[in-house]
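One-letter residues, chain by chain:
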Amino acid sequence: QVQLVESGGGLVQPGGSLRLSCAASGSSIFSIVRMGWYRQAPVKQRELVAAITSGGNTTYADSVKGRFAISRDNAKNTMYLQMTSLKTEDTAVYYCHAKRVVLAYWGKGTLVTVSS
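Conventions used here
Residues numbered from 1 in each chain as written. Predicted model: local features only at pLDDT ≥ 70, side-chain atom pairs only at ≥ 80, totals over all residues. Heavy atoms only, no water. Helix = DSSP H or I, 4+ residues; strand = E, 2+ residues; numbered from the N terminus. Rg over C-alpha atoms; globule rule 2.2 N^0.38 Å. Contact = heavy atoms within 4.5 Å. Areas by Shrake-Rupley, 256 points an atom, 1.4 Å probe, with all protein chains shown as cover. Lys, Arg positive; Asp, Glu negative; His and termini not counted. Charge placed at Lys NZ, Arg CZ, Asp CG, Glu CD. Pairing = 2+ DSSP bridges. Axes fitted to C-alpha atoms, helices over the stretch in contact; angles between N-to-C directions.

1. Brief notes about the overall build of the protein chain
Of the regular secondary structure elements, the protein chain holds 0 helices and 11 strands. Helices (α) and strands (β) of the protein chain occur, in sequence order from the N terminus, as β-β-β-β-β-β-β-β-β-β-β. A compact globule built from 116 residues would reach a C-alpha radius of gyration of about 13 Å, and the protein chain, at 13 Å, matches this within 12%. Once local pairs closer than 6 in sequence are excluded, the contacts in the protein chain between residues at least 24 apart make up 53%. Accessible surface, the protein chain as shown: approximately 6,300 Å² in total, 50% of it carbon and sulfur. Across the protein chain, the mean location of the 13 positive side-chain charges is 6 Å away from that of the 6 negative side-chain charges.

2. Considering the sheet that holds strand β7 (residues 68–73)
An order of β1-β3-β8-β7 is seen for the 4 strands of this open sheet, with the pairing classed as antiparallel. Pairing within the sheet leaves two strands with one partner each, and these edge strands are β1 (3–7) and β7. Strand-to-strand twist in this sheet, taken as the mean axis angle between neighbours without regard to direction, amounts to 15°.

Shown next, in the form of structure tokens:
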């Protein structure tokens, strides 16, 4: 079992920055092969924002390339999403996701609102 807890969401102005954190815990955390951040705006499909594999390979949505950076601290079992140059269209609930070979887990989400 894996439990995921996000933190760091909030209200920021366009052009601002924010760092999201996802703390993973549970008996199966060492079986995770990939972690990532997804987001969902009110009237949009949930989409992958960024992902990082157990080997450290990263993937980004085209819309966030150059602005967001995903990272992982293995000692703390924590994944981060550093968001810069935020735009209003980045407003969404951001969800932490962890994948094992077969099973996957979701956090409850943290709201990011980009508005002036």
